[in-house]
Amino acid sequence: MTMTSIAKAPEPAVPAARRGGTRRGGTRRPSRFRPGAGQQLKGGPFAYIALAVVGIGSLLPLYWTLVAASHTQDEVLATTPPFLPGGQLLHNLDQAWNQAHLGKAIVNSFVVAGCITAATLFFCTLAGYAFAKMRFRGRGALMTGVIATLTIPPQLSVVPLFMMMSDIGWGGRLESVIFPTLVSAFGVFFMRQYLSEALPYELVEAAKIDGANNFRIVRSVVLPVARPAMMVLGMLTFVQAWNDFFWPYLALNQQNPTLQVALGRLTASYTPDQSIVMAGALISTLPLLVVFVIFGKRIVGGIMSGAVKG
């Protein structure tokens, strides 16, 4: 049989948009993805109005706390309450500080919130890495059990937990507040979800090929990648531990209270002075504001750096 040349089939016509965006006249069609497409978009008037309303609404409770703490109780409870700060702020702060003995309470709150935050970041990061990148039997069932604990109301565990702390001998001590909250199910789930997306398997495998063990991988690979999520989780955990009232109120006594428990003294009387109560609430809020001002920019910067993938 004689071999004959086979004519090539004509290639299908490709639209101009797929050939690089050229038009019939030979000019190139402008691309939708212009240089600078990843830059921030400018908001319109409606966006600025909405942001202003949300910002004012968020600051209004704090402003009212400042106004109420700087007036007398008669002025606060008047038919027309004041809308501007008064001149009784320092006096009311001094009264709240002395009546509730807030000095020791603030130190205890910093100890409790600091220990809980540090332990939560450590244990939740380790557990999140294990659930996200390590293969072991029963991993799915264990993760399901961790998530299931989020559906259990914490009030159900108060009685057995109180009995356990009493049997150990930690009744009225800060250890009874710190140790039951060293790790949180939300923190484990949060770190697991973050590391599942942010930490590639290739990076872990490369560290294993170099001879690194699990602890070296966590220290040199996992922690730098998990830093943005750890900063967010740390801020959330610190705020929650600082504002916690229910369990510290049951576990501690008035001789060794946290700040929120100590503030209960200001409302213990039959007719509490609302201006002094607001002054105590202002004192309890100021440390959180200072922490956020100091670390807020780093947290936002860490979130943005963790969101950018090159």
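Everything here concerns the structure above.
Bear in mind the structure is a predicted one, so any value in this text is a computation, not a measurement.

**Q** Mind laying out the nonpolar core, listing which residues take part and the relevant values?
**A** Residues Leu102, Trp242, Trp247 and Leu266 are the most contacted members of the largest nonpolar core, which totals 34 residues. Of all the elements in the fold, those that place two or more residues in this core are helix H3 (89-100), helix H4 (102-133), helix H6 (158-168), helix H7 (175-178), helix H10 (214-243), helix H11 (246-251), helix H12 (259-262) and helix H13 (274-307). Sequence-distant contacts of tryptophan 242, that is, excluding residues within four places in its chain, are made with Ile106, Ser109, Phe110, Ala113, Leu259, Gln260, Ser284, Pro287 and Leu288. Within the second largest apolar cluster, 21 residues are counted, among which are Met143, Ile217, Val218 and Ala226.

**Q** Go over the pattern of salt bridges, please, and point to the residues and values.
**A** Following the criterion strictly, the structure yields one salt bridge and no others. The shortest N-O distance in the salt bridge between arginine 173 and glutamate 175 comes to 3.1 Å.

**Q** Account for a nonpolar patch on the surface, naming residues and giving values.
**A** Taken together, the side chains of Phe162, Phe245, Phe246, Tyr249 and Leu250 present a nonpolar region at the surface, about 470 Å² in accessible area. For the nonpolar patch, the element with the highest residue contribution is H11, accounting for three residues. With respect to the element layout, phenylalanine 245 can be found in the loop between H10 and H11. Phenylalanine 245 gets classed as partly exposed once you look at its relative accessible area, which sits at 37%.

**Q** Describe the environment of lysine 133, and please don't skip the residues or the numbers.
**A** For lysine 133, the position within the fold is in helix H4. Counting along the chain gives 67 residues from lysine 133 to proline 200, while the straight-line C-alpha distance between them is 8.7 Å. A polar contact of 2.7 Å, which involves the side chain of lysine 133, links it to the backbone oxygen of leucine 199.

**Q** Mind laying out the packing of H4 against helix H5 (residues 139-148), listing which residues take part and the relevant values?
**A** Orientation of H4 relative to H5, taken along the N-to-C sense of each, is 135 degrees, at an axis distance of 10 Å. It follows that H4 is oblique to H5 by the angle criterion. H4 and H5 meet at a crossing whose hand is left-handed. Residues Ala130, Phe131, Ala132 and Lys133 of H4 pack against Arg139, Leu142, Met143 and Val146 of H5. Its residues assigned to classes, the contact of H4 with H5 comprises six nonpolar, no polar and two charged.

**Q** An account of H6 is requested, with residue identities and associated values reported.
**A** When H6 is considered as a whole, its buried residues turn out to be Val158, Leu161 and Met165. All buried residues of H6 lie within an arc of 70 degrees about the axis, which places them on one face of the element. Exposed side of H6, more than 90 degrees from the buried face: Val159 and Asp167 are the residues found there. As for H6, its buried residues are in contact with H7 and H11. Once H6 finishes, glycine 169 follows within two positions and takes phi at roughly 95 degrees, a positive value.

**Q** Can you explain the packing of aromatic side chains? Please cite residues and give values.
**A** Geometry of an aromatic ring pair is reported as the spacing of the ring centres plus the angle between the planes. Enumeration according to the criterion identifies eight aromatic pairs in this entry. Ring geometry for phenylalanine 131 and phenylalanine 136: centres 6.1 Å apart, planes at 50 degrees, overall tilted. Look at phenylalanine 131 and you get buried, because its relative accessible area is 10%. An aromatic cluster of three or more residues is present, and its members are Phe110, Phe238 and Trp242. Between the NZ or CZ atom of lysine 133 and the centre of the ring of tyrosine 201, over which it lies, the distance is 4.1 Å.

**Q** Help me get a handle on unusual backbone geometry, residues and values and all.
**A** A positive phi angle is found at histidine 101, which is not glycine, with a value near 50 degrees. Looking at where histidine 101 falls in the secondary structure, it is placed in the loop between H3 and H4.

Parameters at a glance
Residues numbered from 1 in each chain as written. Predicted model: local features only at pLDDT ≥ 70, side-chain atom pairs only at ≥ 80, totals over all residues. Heavy atoms only, no water. Core = buried A, V, L, I, M, F, W, Y, C linked by side-chain atoms within 4.5 Å. Buried < 20%, exposed > 50% of the residue type's maximum accessible area, 1.4 Å probe, protein only. Helix = DSSP H or I, 4+ residues; strand = E, 2+ residues; numbered from the N terminus. Contact = heavy atoms within 4.5 Å. Salt bridge = Lys/Arg side-chain N within 4 Å of Asp/Glu carboxyl O. Patch = residues over 30% accessible without salt bridge, like charges linked within 9 Å, V, L, I, M, F, W, Y side chains within 5 Å. Areas by Shrake-Rupley, 256 points an atom, 1.4 Å probe, with all protein chains shown as cover. Polar contact = N/O pair within 3.5 Å; in protein donor to acceptor, adjacent residues only side chain to side chain. Axes fitted to C-alpha atoms, helices over the stretch in contact; angles between N-to-C directions. Parallel < 35°, antiparallel > 145°, perpendicular 65-115°, else oblique. Left-handed = near helix turned anticlockwise from the far one by under 90°. Nonpolar A, V, L, I, M, F, W, Y, C, P; charged D, E, K, R; others polar. Arc of directions from axis to C-beta. Phe/Tyr/Trp six-rings, centres within 6.5 Å; stacked < 30°, edge-to-face > 60°. Lys NZ or Arg CZ within 6 Å of the ring centre and 35° of its normal.

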